[in-house]
Amino acid sequence: MRIPSDRDFTSTLRSPAVAARVGVWLGICFGLAFVTGLISHEAYVVHPVIPFPARPTWGYRVTQGLHVLSGTAAIPLLLVKLWTVFPKLFARPPQRLRQLAVDGLERASIAVLVAAAVFQLTTGLLNTTQWYPWGFHFRATHYAVAWVAIGALVLHIAVKLPVIRAALGGDIEDSAQDRPTATIAGPLTRRALVRSALLASGVAVLATAGSTVPALRKVSVLGVRSGGGPAGIPINKSAKAADVVATALSPDYRLVIAYDAHEMSLSRADLERLEQHTVELPIACVEGWSASGHWTGVRVRDLLDLVGAPAGRDLRVESLQPRGPFRATTLPGHFADDPLTLLALRLGGEPLAIDHGYPCRLIAPDRPGVLQTKWVGRLEVIT
Amino acid sequence: MTGTRITLGLLGLAAAAYGALQLLDLGLDNLVVTVTWLAGGVLVHDAVVAPLTIALWFVVSRVTGRRLPGAVVVGAVVLGTVTVIAVPVLGRFGARADNPTLLDRNYVLGWAMLATLTVVVTAAVVAASRRGRGGDRGPGPGRR
């Protein structure tokens, strides 16, 4: 059997007219995923270039929901786009050395683009379901490859700009830019193919968005979370997985608040005797799910006043969990002083479930869920 | 346009190079696994997914022995690509015994409902277009 050539692909559907149009939507999805991904990256960094804002309270919920949904929407678009350009893989390389070199460079850049795009969508999709069948560090690698993907995409647009302009400027059924052998009409029009890719994207979004859009919970049959859980909020890491069950339930539990030489320790009963506040704030996870809850507890600022800590200081929040990359997190000063930032003791009127962080957990506006430290054992003002 | 293209091209190269440097910063072990997955993704698409799609289409058109209605292709694009997205939840690979709030749906049933809906809608569209054609012999040039 001989190796196929691009001349063997005869369908008029495999055309730049289709590739450019699907490409525009794919570019929008990748752009959105890149920008929202950068925002999420900033939210994780302790001291980002621009301080991460505490308002709107639902900011991270929306940007991270968009991040995951734009990536999900991109999957059908990428598959259709790769289908339309598949013959290019078998195009015979040019004979002349100069053209051969240019052709080789372009193919290399496309290889990088396709590899990075498939990598980002695959690792992102698997991360939403907490499936990690790989040996690399997910967050750092997904971030690095995002720059490779967006860079290769911008380079690809630069290389293809004349083709894109001609394709988008003309009618979609116009065959001016088609390969010479692409002459056999497909079972549907090109316009219908582009629309079917968009329809598939829309179905993919509807089928998964219920994890973050409560109104779609019943529709999203493929959603990773239905929104159920103790007090109506899902959990990401259980007390058992974090190995804190015994320490969290121990009658000897004390919260330690420290500022310089001032140290104070409070039992859960002591915390309950302090002034209680109720706030409505979402838990918004990097995996794209989110849920809003009514949290009741003590303002972190009130606790800092007990040890005489001045305003504007960063706070080190330590969990009872013995290990894990987010065992201790830093809460920037403007979050610590925010009246909405609580050390929550209750959720939805009930005492906090152990999987939600009993005896107490941090809940602050506009932060990734993993930084909303559960099973808090120590608050230390960084001096 | 040349100026725009050169600027865009350089911007793209710079961003990709920045990403590559970030990747190198994560150490050799991380790099080797990442490159394996990067190459693996291309290989799985170009050597498995794309040829299988062509083979499947070839078999379907041979078995049915005639031109398939466009609506069937639309249905196949929707169901095929959404099924790819469903693989991680259908396999429940990330499920954990200690966390019942994760992967807490019957995904096989959900997928089956989605597949049924796609088939029913596709069949309805095909039937409607056949009826339309049957009652109107000799379609005008503008009709599809």
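What counts and how
Residues numbered from 1 in each chain as written. Chains lettered and ligands numbered in written order. Predicted model: local features only at pLDDT ≥ 70, side-chain atom pairs only at ≥ 80, totals over all residues. Helix = DSSP H or I, 4+ residues; strand = E, 2+ residues; numbered from the N terminus. Buried ≥ 20, exposed ≤ 12 C-beta atoms within 10 Å, placed from the backbone. Contact = placed C-beta atoms within 7 Å. Nonpolar A, V, L, I, M, F, W, Y, C, P; charged D, E, K, R; others polar. Axes fitted to C-alpha atoms, helices over the stretch in contact; angles between N-to-C directions. Parallel < 35°, antiparallel > 145°, perpendicular 65-115°, else oblique. Left-handed = near helix turned anticlockwise from the far one by under 90°. Pairing = 2+ DSSP bridges. Domains from an automatic or database assignment. Core = buried A, V, L, I, M, F, W, Y, C linked by C-beta atoms within 7 Å. Expected span 1.5 Å × (residues − 1).

1. What to know about the overall build of chain A
Counting its regular elements, chain A contains 10 helices and 10 strands. A principal-axis box enclosing the C-alpha atoms of chain A has dimensions of 80 × 45 × 40 Å. Relative to its full complement of 383 residues, chain A shows a buried share of 49%.

2. Overview of the environment of B:Leu114
With respect to the secondary-structure elements, B:Leu114 resides in helix α4 (residues 107-134). Its 20 C-beta neighbours within 10 Å are what place B:Leu114 among the buried residues. Once the C-alpha coordinates of B:Leu114 and B:Val78 are considered, the two residues, 36 residues apart in sequence, prove to be 9.9 Å apart. If we ignore the near neighbours within four places in the chain, the residues touching B:Leu114 are A:Ala207, A:Val221 and B:Val82.

3. As for the interface of chain B and chain A
In many analyses, interface size is given as the accessible surface area lost on bringing the parts together. Taken together, the 58 residues of chain B in the interface contact 66 residues of chain A. By residue number, the principal contributor to the side of chain B that touches chain A is helix α1 (residues 2-25) of chain B, which donates 14 residues. Split into classes, the residues belonging to the side of chain B that touches chain A amount to 35 nonpolar, 15 polar and eight charged.

4. Describing the packing of helix α1 (residues 16-44) of chain A against helix α5 (residues 190-208) of chain A
Residues and elements named next belong to chain A. Axis separation between α1 and α5 bottoms out at 10 Å; the angle between their running directions is 25°. As the angle between them shows, α1 and α5 are arranged roughly parallel. The element α1 and its partner α5 pack so that their crossing is right-handed. Listed contacts from α5 to Ala17, Val18, Arg21, Val22 and Trp25 of α1 are Arg190, Leu193, Val194, Ala197 and Leu198.

5. Examining the sheet that holds strand β1 (residues 255-259) of chain A
Residues and elements named next belong to chain A. On the basis of which strands lie adjacent, the open sheet formed by five strands has the order β2-β1-β10-β5-β6 and mixed pairing. Every other strand in the sheet has two partners, leaving β2 (262-266) and β6 (328-331) as the edge strands with one partner each. Here the average twist between neighbouring strands, direction ignored, is 15°. Relative to β2, β1 runs antiparallel, the two sharing five bridges. Within the sheet, the bridge partner assigned to Tyr259 lies in β2 and is His262.

6. Structural notes on the domain arrangement of chain B
Assigned domains within chain B: domain 1 (24-65) and domain 2 (68-134). Taken over C-alpha atoms, the centre of domain 1 of chain B sits 22 Å from the centre of domain 2 of chain B.

7. Details of unusual backbone geometry
For the bond from A:Arg55 to A:Pro56, the omega torsion is -10°, close enough to zero to count as cis. Here the bond from A:Tyr358 into A:Pro359 is cis, since omega is 10°, no more than 30 degrees from zero. Structurally, A:Pro359 is set in the loop between β8 (350-351) and β9 (361-363). Not every positive phi belongs to a glycine, and A:Ala231 is a case in point at roughly 55°. Within the element layout of this structure, A:Ala231 appears in the loop between α5 and α6 (239-242). A count of 17 C-beta atoms within 10 Å places A:Ala231 in the partly exposed class. Look at B:Arg92: it is not a glycine, yet its phi comes out positive at around 50°. Note that B:Arg92 resides in the loop between α3 (70-91) and α4.

8. A few points about the pairing of strand β7 (residues 342-347) of chain A
All names here are of chain A. For β7, the tally of buried residues reaches six of six residues, placing the bulk of the element in the interior. One ladder, built from five bridges, connects strand β4 (residues 290-299) with β7; its direction is antiparallel. What sits directly across from Gly297, in β7, is Ala344. Sheet analysis places β7 next to β9, joined by three bridges and oriented antiparallel. The partner of Leu343 across the bridge, within β9, is Leu362. Here β7 runs beside β8; their pairing, made up of two bridges, is antiparallel. Looking at β8, one finds that Leu347 is bridged to Glu350.

9. Things to note about the environment of B:Pro69
Mapped onto the secondary structure, B:Pro69 falls in the loop between α2 (28-64) and α3. Distance in space between the C-alpha atoms of B:Pro69 and B:Arg130 is 9.6 Å, their sequence separation being 61 residues. Setting aside its immediate chain neighbours within four residues, B:Pro69 contacts A:Pro187, B:Val126 and B:Ser129.

10. Quick notes on the nonpolar core
Residues A:Ala74, A:Ala116 and A:Ala149 are the most contacted members of the largest nonpolar core, which totals 122 residues. Among all residues touching A:Ala116, those that are not within four sequence positions of it are A:Val145, A:Val148, A:Ala149, A:Ala152 and B:Leu38.

11. What about the domain arrangement of chain A?
Residues and elements named next belong to chain A. Assigned domains within chain A: domain 1 (6-216) and domain 2 (232-381). When each unit is reduced to the centre of its C-alpha atoms, the spacing between domain 1 and domain 2 is 39 Å. Of the residues lining the interface, 23 residues belong to domain 1; the matching set on domain 2 comes to 18 residues. Elements represented by at least two residues in the side of domain 1 that touches domain 2 include exactly α1, α2 (59-85) and α3 (97-128). Take the side of domain 1 that touches domain 2: its biggest share by element is seven residues, from α2.

12. Some words on α2(B)
Taking 1.5 Å per residue, 37 residues should reach 54 Å; α2(B) reaches 52 Å between its end C-alpha atoms and fits that length. Contacts made by the buried residues of α2(B) are with α2, α3 and α4 (138-169) of chain A together with α1 of chain B. Looking one or two residues beyond α2(B), the residue adopting positive phi is B:Gly65, at roughly 70°.

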